[in-house]
Amino acid sequence: MTGPAAPRRILVVCLGNYCRSPLGGRILANLGGDTVDVRSAGLIDKWTQAHPEMTAAATTLGYDLTEHRPQQVTRDLIDWADLVLAMDHSVLEQLHGIAGPDTTTEIRLYLDHDRDVPDPMGRPAAEFAACALLIEAGAAPHLR
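Nothing here was measured: the structure is a model prediction, and the numbers come from that model.

The rules we used
Residues numbered from 1 in each chain as written. Predicted model: local features only at pLDDT ≥ 70, side-chain atom pairs only at ≥ 80, totals over all residues. Heavy atoms only, no water. Buried < 20%, exposed > 50% of the residue type's maximum accessible area, 1.4 Å probe, protein only. Helix = DSSP H or I, 4+ residues; strand = E, 2+ residues; numbered from the N terminus. Arc of directions from axis to C-beta. Contact = heavy atoms within 4.5 Å. Polar contact = N/O pair within 3.5 Å; in protein donor to acceptor, adjacent residues only side chain to side chain. Axes fitted to C-alpha atoms, helices over the stretch in contact; angles between N-to-C directions. Parallel < 35°, antiparallel > 145°, perpendicular 65-115°, else oblique. Left-handed = near helix turned anticlockwise from the far one by under 90°. Nonpolar A, V, L, I, M, F, W, Y, C, P; charged D, E, K, R; others polar. Phe/Tyr/Trp six-rings, centres within 6.5 Å; stacked < 30°, edge-to-face > 60°. Lys NZ or Arg CZ within 6 Å of the ring centre and 35° of its normal. Core = buried A, V, L, I, M, F, W, Y, C linked by side-chain atoms within 4.5 Å.

Asker: What is the right way to read helix H4 (residues 89–99) from this model?
Answerer: Each full turn of the α-helix corresponds to 3.6 residues, which orients residues three or four apart in the same direction. Listed as buried for H4 are Val-91, Leu-92, Leu-95 and Ala-99. Axial view of H4: buried residues confined to an arc of 100 degrees, hence all on one face. For H4, the exposed residues lying more than 90 degrees away from the buried face are Glu-93 and Gly-97. Along its buried surface, H4 packs onto strand E1 (8–14), helix H3 (75–80), strand E3 (83–86) and strand E4 (106–109). After H4 finishes, the residue Gly-100 shows a positive phi value of roughly 80 degrees.

Asker: Looking at this structure, I do not really get the side chain of Thr-105. What am I missing?
Answerer: Within the secondary structure layout, Thr-105 lies in the loop between H4 and E4. On the basis of relative accessible area, Thr-105 is assigned to the buried category, the value being 9%. Of note is the side chain of Thr-105, whose polar atom sits 3.0 Å from the backbone oxygen of Ile-78. If sequence neighbours within four positions are ignored, Thr-105 has contacts with Ile-78, Asp-79, Ala-81, Asp-82, Leu-83 and Val-84.

Asker: Any chance you could explain the packing of helix H1 (residues 20–32) against helix H5 (residues 125–137) here in plain terms?
Answerer: Each packed pair of helices is defined by two parameters, the angle between the axes and the distance between the axes. The interhelical angle for the contact between H1 and H5, taken along N-to-C directions, is 40 degrees, at an axis separation of 9 Å. It follows that H1 is oblique to H5 by the angle criterion. Handedness of the H1/H5 crossing: right-handed. Residues Arg-20, Leu-23, Gly-24 and Ile-27 of H1 form the contact with H5, whose participating residues are Cys-131, Ala-132, Ile-135 and Glu-136. Looking at the contact of H1 with H5 residue by residue, the class counts come to five nonpolar, one polar and two charged.

Asker: Would you mind going over the packing of aromatic side chains with me for this structure?
Answerer: When we look at a pair of aromatic rings, we describe it by the centre distance and by the angle of the planes. Applying the stated criterion across every chain yields a total of one aromatic pair. Plain terms: the ring middles of Tyr-18 and Trp-47 are 3.8 Å apart, the flat faces sit at 10 degrees to each other, and that makes the pair stacked. Residue Tyr-18 is found in the loop between E1 and H1, and its partner Trp-47 is found in the loop between strand E2 (36–42) and helix H2 (52–61); the two are separated by 29 residues along the sequence. It is Arg-39 that lies over the ring of Trp-80; its NZ or CZ is 4.0 Å from the centre.

Asker: For this particular structure, what's the right way to read the side chain of Arg-20?
Answerer: With respect to the helices, strands and loops of the structure, Arg-20 is situated in helix H1. Only 2.9 Å separates the side chain of Arg-20 from the side chain of Asp-88, close enough to count as a polar contact. A polar contact is formed between the side chain of Arg-20 and the backbone oxygen of Val-117, at a distance of 2.6 Å. Once residues lying within four places of it in the same chain are set aside, the contact partners of Arg-20 are Cys-14, Leu-15, Met-54, Met-87, Asp-88, Val-117, Pro-118, Asp-119, Pro-120, Cys-131 and Ile-135.

Asker: Hey, could you run me through the nonpolar core in this one?
Answerer: One broad trend across soluble globular proteins is that nonpolar side chains are buried collectively. One finds Ile-10, Val-12, Leu-23, Leu-28, Met-54, Tyr-110 and Ile-135 to be the most contacted residues of the largest nonpolar core, which totals 27 residues. Looking at this core, the element that brings in the most residues is H5, giving four residues.

Asker: What exactly am I supposed to notice about unusual backbone geometry here?
Answerer: You will see that Asn-17, though not glycine, has its phi angle at about 55 degrees, which is positive. Structurally, Asn-17 can be placed in the loop between E1 and H1. Judged by its relative accessible area of 0%, Asn-17 is buried. Despite not being glycine, Asp-114 shows a phi value in the positive range, around 60 degrees. Mapped onto the elements of the fold, Asp-114 is located in the loop between E4 and H5. A residue is classified by how much of its surface remains accessible, and Asp-114, at 57% relative accessible area, is exposed.

See the structure below:
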């Protein structure tokens, strides 16, 4: 008799782990429950918490980012994951470079149909809200 399957390990990555990937990670963790182990990271290490506008947008949708602490992506973190989700093409390209050609980790865009999640940094609050809705709408396919 075998035990329960190990949770699927998902890593969500954006530029700074400040806006998009914290919310993507939180949504996937909430929706996936015990079936997933989700982390998020950024290509750069600059921030100490999630962006206040994204935190507010997340709260409106029922997700809590107040405890989020950004981290920078590493090769070890990529190797830990079964699936790495990049928020845009630029991040995707850099992740492939970090992972190297011998990686066995699946790395792809967060959104289907080859679409980017636009970075709301420096934009009005309405852009954060729209981004949050897009991230929420794109989550379910990664949990199948």
